[in-house]
Every structure is written in structure tokens, then in C-alpha cells.
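Chain and residue survey
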Amino acid sequence: MTMGIQVERLEKHYGDHKAVNGVDLEVPVGTVLGLLGPNGAGKTTTVRMLATLIPPSGGRARVCGYDVATQPQQVRQLIGLTGQYAAVDQDISGRDNLYLIARLLDLPKKRAWARVDELLERFDLVEAGGKLAREYSGGMRRRLDLAASLIGNPRVIYLDEPTTGLDPRSRNALWDVVRDLVAEGSTVLLTTQYMEEAEALADSVVVMDQGMVIAKGTAAELRARVGGQTLRVKPMRPQDLMAVATTLARARLAGHVDHEAGLVQLPISGPNDLTIAVRAIAGSGLAVSGIDTSIPSLDEVFLTLTQKQRGGVEDTIQFWRIE
Amino acid sequence: MSTATSAPSPAGPQGPGSSPRLRPVTVPPPLPPLSPRVGLRATARHSFAIARRNLLQVRNDPGQLLDSTLMPMIFTLIFLYVFGGAIWGGREGDYKQFLLPGIMVQTIMFASRATGFTLSMDFGSGVMDRFRALPIARSAVLSGRIIADVCRLLLGQVVMLTFALVIGFSVKTGVLQAIAAVGVVLLYGTALAWVSAFIGLMVKSPNTVQAVGFLWMIPLQFGSSMLVPTETMTPWLRAFAEANPTTLVTDACRNLLIGGPVAGPLAGSLAWCLGLMLIAVPLSIRQYRRR
Ligand SMILES: Nc1ncnc2c1ncn2[C@@H]1O[C@H](COP(=O)(O)OP(=O)(O)OP(=O)(O)O)[C@@H](O)[C@H]1O
Ligand SMILES: [Mg+2]
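Residues numbered from 1 in each chain as written. Chains lettered and ligands numbered in written order. Predicted model: local features only at pLDDT ≥ 70, side-chain atom pairs only at ≥ 80, totals over all residues. Heavy atoms only, no water.

1. Here we look at a nonpolar patch on the surface
- A cluster of nonpolar residues, B:Leu66, B:Leu70, B:Ile74, B:Leu77, B:Ile78, B:Tyr81, B:Val82 and B:Phe83, forms a patch on the protein surface that exposes about 760 Å² of accessible area.
- Taking relative accessible area as the criterion, B:Ile74 reaches 43% and is therefore assigned partly exposed. (Patch = residues over 30% accessible without salt bridge, like charges linked within 9 Å, V, L, I, M, F, W, Y side chains within 5 Å. Areas by Shrake-Rupley, 256 points an atom, 1.4 Å probe, with all protein chains shown as cover. Salt bridge = Lys/Arg side-chain N within 4 Å of Asp/Glu carboxyl O. Buried < 20%, exposed > 50% of the residue type's maximum accessible area, 1.4 Å probe, protein only.)

Structure representation (C-alpha cells):
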């Protein structure tokens, strides 16, 4: 399989601090890699190295076979970058921003304007096109920025937290754009803080923390690491919490009591667990304000992987089934 | 683009609990060979595209032009009517004729500072990242800046010369000489714009760039024949003033407009301007590459 992006032991040092510390990535042509990590993980630094904006301190990165350190000019002909902070000129209009980039990418004048109109249309900016970019809302500016990075039909596209600050509608529109790009054969590297986004778009996911890769795989594989479905039962009156736990224990279900949240949680392991639990609760006559099941969100996976366990764990009491 | 049928992509879920998806992978056409450098003609095109952007910024905020149009006019009036009598004493001729070419030079000196300031602003905003990730020569951003600034400087000169004529300045030579006069001043402005670019690239904050750009020019402006004749200066200052490029450029401009020896100051001006650029251009480019 040909690789759109290939990164080996990439490093970036700032003084003693290793912002990126030996990262390996492979993104096959025509696929999306989701790069996840908390603040300061080194996502932006990685993207900036791949976009030839800063030189790596060590290791190697290639884009369609061209080395970012030794062949930056070729790499720049292949990439489109939407950085974490919108890189648009605030003092000229949206149209002029796009036209500038089109000209810098050597489109002849007429074709440049045609391309500008096409992109304004695609990103719902036709009306705002003539306005100064400084008058745009945050979301409009991000869309303009994305449009600017797509003018040259880049083979490889970097999107650094592209949906941060977008409303749900714009976010969905952006996701559609990314899917279209991939359908056209582009390779996408997308950084995000949201598992949901990685799950919706990425063929594979890499989780970074403190400059290192701490997990990789598909979103489903990562989720499997944390476990399956959980049933949550919340009694109407808080003092019934232990009674609910006892009822479930008598029904031969094991779980734990979360005092802080005021509910009982149990993993669903067998096909009949759910029915048994509901029947037991119904038989006990205890008033319940909520029963639901939850799939561990990828955010939980993410928190688990980055060793930042949520609080409240100490506050739970395990109970075992009564044989 | 060709679509290779159902080569399985690495499995990824569509949503919670879905099975791995299979989707056709579109194989983009093979890459054409990519060139490792940007040609000169392309760089020229890119420079003009960036110059256009810089001029659009001015069009969208014409207030930027006040310091190279309105300010020198006010200066002219102050010097003419407040200091004029004292400066000129009982000399022959008209201070107005002496002063206005000097104001043209002062105008360009003030206006040239914007080059460094705007470059510094660009570096502070995200646009520079965009430019640097594009397959263009890095020097295009710098030359685009200079091209736009030369246009701005020229506009300032035309406005000032018109203003001068309106308040009663008279050109004693001819049209060609007047054009040459503007040309010399413009060349000086261009050289100073490169120095300003260097300052803008050396110093981090735009405000400091403004201050430094102002300070280094004070001796050049006031230790010169721009506003006052040099004869009354103390000998050491006079020696400084006579070697000062501002004096040479002012004298060349003045004599081209109202008559007088031209060859000497003109040769001196050209030498200074070329010399300044010979140093400031490569230094600026080097500094730009580093940032
Ligand atoms: N120019 C720099 N000089 C010094 N340290 C830097 C520089 N750029 C980044 N760092 C450091 O490198 C680390 C990684 O930063 P980076 O911006 O790559 O994180 P990130 O994963 O993009 O985070 P976020 O989610 O907040 O955008 C941080 O600790 C940051 O302080
Ligand atoms: Mg970041």
C-alpha cells in the first residue's frame, strides 16, 4: 500500500523539553488518520513539522515519498494545511484571501476567480465573500481557512483541530467535506480532542500524550480495551441506593454503587442480564428515577489511555452477587 | 481519477458498535515529477500577488496613508509659518522653495517605516504560516511587501508635490527634472524600506519596530539640509550633514526642481541608496529565512 504520510521516530526538542518524542505514523493514501491527544500532547508540533513549518530535531517524515526536511519545496506542492488558528488575512475580504492563495498556487487569473467562487459556494460563504475577514464569525473564519487550504486540490491535507469552535451544523458540514476529500483520493491527517470526531472520520486512530504515541488502532479496537456495556440504575430516593444494590445482588448480578452519582452500575455480561435486572427492580417495588445503559465513550477510552482517570472511583463500593 | 474497486481500507467503525467498513479507495493519478525550486518568473508572479494583497489592505483601511499624506502637509505649514521666519532670517529667495523638496524627502522617510511594521504584524498573525506552507519562494513575501510599499511611497510623493504646487511652490526647471527629482526620493525611500524591513524582521514586537524605526532616523533627518541650510551648523555637525544621505538626496531633489548643481548630490545619492540596499537586502532575506 502506498503511503501518503510516513513518519519514523520523529522528534522535536525545545531546549530540554521534548515536545515530540519519537513518533511513528503511517497514513496510507486515501485514508484518514485521527491524531488524538490532550493539550500539550504534541499534535500541533507534529503537524507543523509535517507541513515544513518547523524542522524536526530528529527522525524522518515523508509525504508521498518526499522528505519534509530535505525536500520541503516538493512537500509544499502536495499539502494543504488548516492550522489550529485560522491563517487568514483579516484586513482583506474572504474572496481576496482565496484569490491570493489561488494566484500563489499559479492558477491563471480567470481560473483563479472561478475556483474562488466554487469554494465560496462549497463553504457557504458566498454572501460573506466580499466582507473583510475580520468581520467574520469564528466559524466563518475557520471555513474560509479550510477553503484556502483546499484551493490547490492537495494530495495530503492536515487539519489541526478543524472543528474546535464550530456549531454542530458547521461541524457536520466539515465532516462531509472531509469525507468528500477522501472519496476523491486525498490523504487526511486530522488532529482532534474529540473521540467522536475520530470515530466519525478516521480509518485509524493514534493517541498521543507527552510527545509519545500511547495507543494506535481503529476506534473500535481502542474502545474494546475499556470494556462493554454498563447498566445504570438510579433510585428515586437516595437512601434506597443500597437496597437497589442488594436487590441486584440477590438476582445474581455484580456491580458497584456510585454514591457520588447516586446510582448503581453493573456491567452487562450475559444476554439475559438486562431482563433479569429490570425484573428484579420491578419485583422489589423500589421507586427508580432512571434506568439506562451506556457504552463506554471513546472519551473514556481516551481518559483511561492517558492515565487521567476521572475522579469518583474511590467513592464507589463494589458488591458481589449473592449465591 | 480512477476508482480501484473495494480494496479494503483499514477497518474503522461508522458509529458505535458498527462493523468494520469497506469502502472503495480512490487512487489518485500518479504524481507528476515535482520541481525542487521555484522559477524566477513564478517568483515575480507571486511577488505581485502578495503586493496586490498588501495594497488591498491599504485600500480597505486608507487611514494608514495619513502619516504619509496629511502629516507632512501639517509639517509643511508649521515649518513655513511658525519656524520659517526664524530659520530663513534675511536670506535671499523664498523658504518655501527651499522647504518643500525637503518635505518630500521627509515624507518618504516617515512612510518607509511602515514596511517593517507591517512585516512584523504579518509575522504576528497566522498568514505567515499559510505563506510558508505554500510552494513559493520565501523572498516573494518580502519583495511583494516592497513592491506594494514603493507604490505607497510614490502615491505620497505625488500627493506632496501636488500640495506643494497648490500652496505656491514653483518648479523652475522642467517636467523631466521634476520626474527625476521624484525618482531620486523614491529610490531613497526604497532603500530605507529595506532597512525598515530588516528592523521589522529583527525585532519581535510591532510596537518596538515602530520605535526603533523612528529613532534611527532622527539623526538622519535633523542632521541634514532637509529643513534648514547646513551653513549655520557647527563644523562637526555640518561635516556629518554633508555626508548624510538625506542631505544628498534632498539637495539632488531640490536642485532638480529649482535649479542648481545636480551631478554631485545625485551621484552621492545613488551611491548611498545602492550601498544601503546592498547591505539591507541580503540581511533582510537572511533574517526572513530564519524567522
Ligand atoms: N515554540 C515552542 N517553544 C517551546 N515549546 C513549545 C513550542 N511549541 C510547542 N511547545 C511545547 O510543546 C508541547 C506540545 O505542544 P503542541 O502545541 O504540539 O500541543 P498540542 O497537542 O497541539 O496541544 P493543544 O491540544 O493544546 O493544541 C507543549 O508542551 C508546548 O509547550
Ligand atoms: Mg495544538
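2. Notes on the pattern of salt bridges
All names here are of chain A.
- A full pass over the atoms with the stated rule returns 23 salt bridges over all chains.
- As a salt-bridge pair, Glu-161 and Lys-43 come within 3.9 Å of each other at their nearest N and O atoms. Within this pair, whereas Glu-161 is found in the loop between β7 (156-160) and α6 (168-183), its partner Lys-43 is found in helix α1 (residues 43-50), the two being separated by 118 residues in sequence.
- For Lys-43, a relative accessible area of 5% gives the class buried. (Helix = DSSP H or I, 4+ residues; strand = E, 2+ residues; numbered from the N terminus.)

3. Describing the domain arrangement of chain A
- Along its sequence, chain A is carved into domain 1 (3-224) and domain 2 (226-319).
- In this structure, domain 1 of chain A and domain 2 of chain A have C-alpha centres spaced 41 Å apart. (Domains from an automatic or database assignment.)

4. Here we look at the nonpolar core
- Residues A:Leu98, B:Met109 and B:Tyr188 are the most contacted members of the largest nonpolar core, which totals 113 residues.
- When residues of this core are assigned to their parent elements, the largest contribution, 15 residues, is made by helix α6 (residues 175-202) of chain B.
- If near-sequence neighbours (up to four positions away) are discounted, B:Met109 is found in contact with B:Tyr188, B:Leu192, B:Met217, B:Leu220, B:Gln221, B:Met226 and B:Thr246.
- Judged by nonpolar contacts, the second largest core, of 31 residues, contains A:Leu10, A:Ala51, A:Val63 and A:Val156. (Core = buried A, V, L, I, M, F, W, Y, C linked by side-chain atoms within 4.5 Å. Contact = heavy atoms within 4.5 Å.)

5. Quick word on the sheet that holds strand β1 (residues 3-14) of chain A
Residues and elements named next belong to chain A.
- Taking strand neighbours across the sheet as the criterion, the 4 strands line up as β2-β1-β4-β5 in an open arrangement whose pairing is antiparallel. The sheet terminates laterally at β2 (17-28) and β5 (66-67), the two strands that pair on one side only.
- Pairing analysis gives 2 bridges linking strand β4 (residues 58-63) to β5, with the strands arranged antiparallel. Paired with Val-63 across the strands is Tyr-66, a residue of β5.
- The strands touched by α1 within the sheet are β1, β2 and β4, with β1 carrying the most contacts at an inclination of about 120°. (Pairing = 2+ DSSP bridges. Axes fitted to C-alpha atoms, helices over the stretch in contact; angles between N-to-C directions.)

6. A short note on the site of ligand 1
Residue and element names in this part refer to chain A.
- Taken together, 14 residues lie near ligand 1, and Gly-40, Lys-43, Thr-44, Thr-45 and Gln-84 sit nearest.
- Asn-39 places a side-chain nitrogen or oxygen 2.9 Å from an oxygen atom of ligand 1.
- Here Thr-45 contributes a side-chain N or O atom positioned 2.5 Å from an oxygen atom of ligand 1.
- For the shell around ligand 1, the secondary-structure elements that each account for two or more residues are β2 and α1.
- Per element, the largest residue contribution to the shell around ligand 1 is 3 residues, and it comes from α1.
- A class-by-class count of the residues in the shell around ligand 1 yields 4 nonpolar, 8 polar and 2 charged. (Near = heavy atom within 4 Å. Polar contact = N/O pair within 3.5 Å; in protein donor to acceptor, adjacent residues only side chain to side chain. Nonpolar A, V, L, I, M, F, W, Y, C, P; charged D, E, K, R; others polar.)

7. Examining the interface of chain B and chain A
- Facing 44 residues of chain B, the contacting portion of chain A comprises 51 residues.
- Across the chain B/chain A interface, buried area totals approximately 4000 Å², and carbon plus sulfur atoms make up 56% of it.
- Inspection of the chain B/chain A interface yields 5 salt bridges.
- The partner of B:Arg52 in a salt bridge is A:Asp96, and the shortest N-O contact between them spans 3.4 Å.
- Counting across the chain B and chain A interface gives 12 residue pairs in polar contact (both at pLDDT 80 or more).
- At the level of secondary structure, the elements contributing two or more residues to the side of chain B that touches chain A comprise β2 (25-27), α1 (40-60) and α4 (127-132) of chain B.
- Counting residues per element, the side of chain B that touches chain A draws most heavily on α1(B), at 9 residues.
- In the side of chain B that touches chain A, the residues fall into 23 nonpolar, 11 polar and 10 charged. (Buried area = accessible area lost by both parts, 1.4 Å probe.)

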